[in-house]
Amino acid sequence: MSRSRAGRSGHNQPLTVPPSILAVANQKGGVGKTTTAVSVGAALAEMGRKVLLIDIDPQANATSGLGVDRSRVETSIYDVIVMGRSLAEARMHTAVPGLDVVPSDIALAGSEIELVDMARRERRLQYALEALASDDDYVLIDSPPSLGLLAINAVVAADALLIPIQCEFYALEGLGLLMHTLALLRKELNPTLGIAGIVMTLFDARLALAHQVVDEVRNRFGDQLLTPLIPRNVRLSEAPSHGMPITLYDPTCRGAIAYRELSANLDARIQGGAVLSTAEIPSPV
Ligand code: ATP
Ligand code: MG
């Protein structure tokens, strides 16, 4: 994929600075990875950025959350990762102008096993992205809640991680494991992997514990913690069943406003080059 984004027409502020490939990752389940990938993808597209969301989770929640009709899917991420088809063949438009998706597929569930015997099995997505000639400004990868080969493909292909953390006690334990894994992946597979930001999700301002978790994460990550915090908002949990990102489903609800602001801040950070360098991995919590 072309690394130069200067001068693309249609933008007030053309993108010039990588990274643009962000893996939305946390091995913990149900922390808001998919909600973040879909909502940030839609909000960035709404700002005029061109976004490709790759769903590499066999659960296919981002695919269905974007209203992709499974019967229309001819080529999925399974065909790309396992069968060697191109991302260009698999990408589909969504209802949001500027936001495309590479859909997932239940067949992906078996791919962890199929991949085991394949050459360069951790780099299948990286190679597919390198072969993609496109003018996307951002590629967001929604990864599964595991540390298996699919999640590793996402992290290896990425320039940086976007890490959603749920504002609850166990989040901190999970974060320690994630930092350990990140250090390992940098050492073994992707030495330039950065952190694009931490997204605090499902924040309930009435709970003292939620504030404590945010404070703890802020102590560790400083300004890597993206603002605003994403509130617990029932509209965010309803949107996927209508096959719409929150920015379409209820554009003025608290969740939509928060994700829109966060996406603008993320975009500004990335354009400013403020992504953690390899030397700055916070120690495990
Ligand atoms: P998995 O690990 O299974 O892939 P995930 O990390 O992708 O999960 P989501 O699917 O985004 O997590 O969120 C888990 C559940 O919480 C979903 O039902 C989602 O709709 C809901 N949810 C996520 N964020 C919020 C929020 N801010 N407010 C209310 N509900 C939310
Ligand atoms: Mg998910």
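Residues numbered from 1 in each chain as written. Chains lettered and ligands numbered in written order. Predicted model: local features only at pLDDT ≥ 70, side-chain atom pairs only at ≥ 80, totals over all residues. Heavy atoms only, no water.

Caption draft 1: A look at the packing of helix α1 (residues 33-46) against helix α12 (residues 254-271). Taken N-terminus to C-terminus, the directions of α1 and α12 make an angle of 70°; their axes are 9 Å apart at the nearest point. When the interaxial angle is binned, α1 and α12 end up roughly perpendicular. Touching T35, T36, S39, V40, A43, L44 and E46 of α1 are Y259, R260, L262, S263, L266 and D267, all from α12. Here the residues of the contact of α1 with α12 are counted per class, giving 6 nonpolar, 4 polar and 3 charged. (Axes fitted to C-alpha atoms, helices over the stretch in contact; angles between N-to-C directions. Helix = DSSP H or I, 4+ residues; strand = E, 2+ residues; numbered from the N terminus. Parallel < 35°, antiparallel > 145°, perpendicular 65-115°, else oblique. Contact = heavy atoms within 4.5 Å. Nonpolar A, V, L, I, M, F, W, Y, C, P; charged D, E, K, R; others polar.)

Caption draft 2: View of unusual backbone geometry. Here the residue pair T227 and P228 is connected by a cis peptide bond, since its omega of -5° sits within 30 degrees of zero. The topology assignment puts P228 in the loop between α9 (208-221) and α10 (234-238). A positive phi angle, close to 55°, is found at A60, a residue other than glycine. Mapping A60 onto the fold places it in the loop between β2 (51-55) and α2 (61-65). We classify A60 as buried; its relative accessible area is 0%. Although it is not a glycine, L202 sits at a positive phi angle of roughly 55°. Following the sequence through the fold, L202 ends up in the loop between β7 (194-201) and α9. Among the residues examined, L202 registers a relative accessible area of 26% and is labelled partly exposed. (Buried < 20%, exposed > 50% of the residue type's maximum accessible area, 1.4 Å probe, protein only.)

Caption draft 3: Region of the structure containing α9. Along its 14 residues, α9 runs 20 Å from first to last C-alpha, staying within 8% of the 20 Å computed at 1.5 Å per residue. Within α9, the full set of buried residues consists of A210, V213, V214, V217 and F221. Each buried residue of α9 sits inside an arc of 100° when the element is viewed along its axis, so together they form one side. α9 presents A208 and N219 as exposed residues on the side facing more than 90 degrees away from its buried surface. (Expected span 1.5 Å × (residues − 1). Arc of directions from axis to C-beta.)

Caption draft 4: Structural view of the site of ligand 1. Taken together, 18 residues form the shell around ligand 1, and within it K33, T34, T35, P231 and N233 come nearest. At 2.9 Å from a nitrogen atom of ligand 1 is found a main-chain nitrogen or oxygen belonging to P231. For ligand 1, whose accessible area on its own is 630 Å², the fraction buried by protein is 81%. Of all the secondary structure elements, the ones that give two or more residues to the shell around ligand 1 are α1 and α10. Ranked by the residues each element gives to the shell around ligand 1, the list is headed by α1, at 3 residues. (Near = heavy atom within 4 Å. Polar contact = N/O pair within 3.5 Å; in protein donor to acceptor, adjacent residues only side chain to side chain. Areas by Shrake-Rupley, 256 points an atom, 1.4 Å probe, with all protein chains shown as cover.)

Caption draft 5: Structural context of the nonpolar core. Counting 52 residues, the largest nonpolar core has I54, I77, L129, I141 and V217 as the members making the most contacts within it. With 7 residues, the single largest contributor to this core is helix α8 (residues 170-188). Those residues in contact with I141 that lie beyond four places of it in its chain are I21, L22, A23, V24, I54, I56, L125, L129, A154 and A157. Counting 37 residues, the second-largest nonpolar core is a separate cluster that includes L44, A45, I246 and Y249. (Core = buried A, V, L, I, M, F, W, Y, C linked by side-chain atoms within 4.5 Å.)

Caption draft 6: Inspection of the side chain of S263 at higher detail. In this fold, S263 is placed in helix α12. For S263, a relative accessible area of 0% corresponds to the buried category. Here Y259 takes part through its backbone oxygen, which lies 2.6 Å from a polar atom of the side chain of S263. Apart from residues no more than four positions distant in its own chain, S263 is found in contact with S39, V40, A43, L44 and M47.

Caption draft 7: Highlighting the pairing of strand β1 (residues 21-24). Here β1 shows two buried faces, one formed by I21 and A23 and the other by L22 and V24. Summarising the sheet, β1 and strand β5 (residues 138-142) pair through 4 bridges and their orientation is parallel. If you follow V24 over to β5, its bridge partner there is D142. In the sheet, β1 pairs with strand β6 (residues 160-166) via 3 bridges, with the strands oriented parallel. Bridging from a neighbouring strand, L22 pairs with A160 of β6. (Pairing = 2+ DSSP bridges.)

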